[in-house]
Amino acid sequence: METPEKQEELQNDTSFNSVKESASGVLGGLMGQLKRLEEAMNEERMGDVYRIYWNELPMSIQQSSNENHEIDNFLTSKLDQELQRSFPFMVMREVVSPVLMDYQIGSYYRDRTVLQVDATQPAIKILPLVREQWEKADAGKYKKEMAELQNQQDDFDAKSIAAQSELRDLNDKISQQEKRKAELEETKTFMNRKKIEDEVDEIDQAIKDLKQQRSQWTPFVGNQLSGESQKIEIANKIAALALEQAIALKELRLIKQRFGGLSEMDAALDQFIEDFLNKGAK
């Protein structure tokens, strides 16, 4: 008959064997996943690479296997290769990070990023500000904004001309009222004091109203420097809008030439991602 000590020893051996079997199974599974990932990378089965790496490997293994951006570099290089093959007119402008790359459509007088490729998903997106400018140019909103700014300047110029005449007229009226007030003050006596003061009050109110009107016209002629600054500011805004419109229209022409239109470009980029993930699929 086995002693309690012997029974405990046998139980410990059984538990340890169970742990070894479990650990062996886990390690075997990890090795199998890593082997399948390596095979998928060698065969460039991109959908399998993403699925195994992101969905099957534990976070700790993901981090250790990508410690020096090995996976990131593989994904970005394959994405760039396929992008250049599918759309040879696209030009990489900058590698923003190990997983982000910026592209422009063709080469023209004002190069800028319009697309960003994210290798982690993968995904291609048009920068929101760029898309907004394309839609704005296509709808003719730039022309409307520039016309409104020009109308502001024309209106300011017209008021400046009118203000000179209005101010001369108002100054004459104020001078007349002040002269009349002075004359009344000279005729004031003990007997007519109340009447004269009432009339003076009326004149003071009239002068106040005229000065208020004058203050509304003065900014259009009183500060020449301010007027010139406004003209310069409006001219700069119009020039900036004109340049922004020119770039957007040039890019839209390239998009129409290469894809047929913006909606067709969106569809082509979505199809590119789908084809990329199906690359090498068995």
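Residues numbered from 1 in each chain as written. Predicted model: local features only at pLDDT ≥ 70, side-chain atom pairs only at ≥ 80, totals over all residues. Heavy atoms only, no water.

Asker: Kindly report on helix α9 (residues 262-278), identifying the contributing residues and their values.
Answerer: The end-to-end C-alpha separation of α9 is 25 Å, in line with the 24 Å expected for 17 residues at 1.5 Å each. Among all positions in α9, only L262, M265, L269, F272, I273 and F276 are buried. Across the axial projection of α9, the buried residues extend over an arc of 95°, all falling on one side. Along α9, the residues that are exposed and aim more than 90 degrees away from the buried face are S263 and D270. Count one or two residues on from α9 and you reach G280, which has phi positive near 75°. (Helix = DSSP H or I, 4+ residues; strand = E, 2+ residues; numbered from the N terminus. Expected span 1.5 Å × (residues − 1). Buried < 20%, exposed > 50% of the residue type's maximum accessible area, 1.4 Å probe, protein only. Arc of directions from axis to C-beta.)

Asker: Lay out the environment of I174 in plain terms, naming residues and giving numbers.
Answerer: Tracing the backbone through its elements, the reader meets I174 in helix α6 (residues 141-186). According to the relative accessible area criterion, I174 is buried, its value standing at 3%. Here the alpha-carbon distance between I174 and K211, two residues 37 residues apart in the chain, equals 7.6 Å. Apart from the residues lying within four places of it in its own chain, the contact partners of I174 are I207, L210, K211 and R214. (Contact = heavy atoms within 4.5 Å.)

Asker: For the sheet that holds strand β4 (residues 123-126), give the residues involved together with the corresponding values.
Answerer: Strand order in the open sheet made by the four strands is β1-β2-β3-β4, with antiparallel pairing throughout. Strands with a single pairing partner mark the edges of an open sheet, and in this sheet they are β1 (90-97) and β4. Averaged over all pairs of adjacent strands, the angle between strand axes in this sheet comes to 25°, irrespective of strand direction. Bridging between β1 and strand β2 (residues 100-105) involves six bridges; their strand directions are antiparallel. Note on β2: the bridge partner recorded for M90 is I105. Sheet strands touched by helix α4 (residues 70-86): β1, β2, β3 (115-118) and β4. Its angle to β2, the strand with the most contacts, is close to 15°. (Pairing = 2+ DSSP bridges. Axes fitted to C-alpha atoms, helices over the stretch in contact; angles between N-to-C directions.)

Asker: Before we move on, could you go through the packing of aromatic side chains and cite the residues and values that matter?
Answerer: Tallied over the full model, the rule gives six aromatic pairs. Between F87 and F272 the ring centres are 5.8 Å apart and the planes differ by 50°, which places this aromatic pair in the tilted class. Here F272 lies in helix α9 and F87 lies in the loop between α4 and β1, a separation of 185 residues in the sequence. Residues F272 and F276 carry aromatic rings whose centres are separated by 6.3 Å and whose planes lie at 20° to one another, so their mutual orientation is stacked. Here F272 and its partner F276 are both found in helix α9, four residues apart, which amounts to about one turn of the helix. (Phe/Tyr/Trp six-rings, centres within 6.5 Å; stacked < 30°, edge-to-face > 60°.)

Asker: Describe the nonpolar core, naming the residues involved and giving the relevant values.
Answerer: Within the largest apolar cluster, 49 residues are counted, with the highest numbers of intra-cluster contacts made by M90, L115, W134 and M265. Of the residues forming this core, the biggest block, eight residues, is contributed by helix α8 (residues 224-258). Setting aside its immediate chain neighbours within four residues, L115 contacts M90, M101, D102, Y103, I124, K125, I126, M265 and L269. (Core = buried A, V, L, I, M, F, W, Y, C linked by side-chain atoms within 4.5 Å.)

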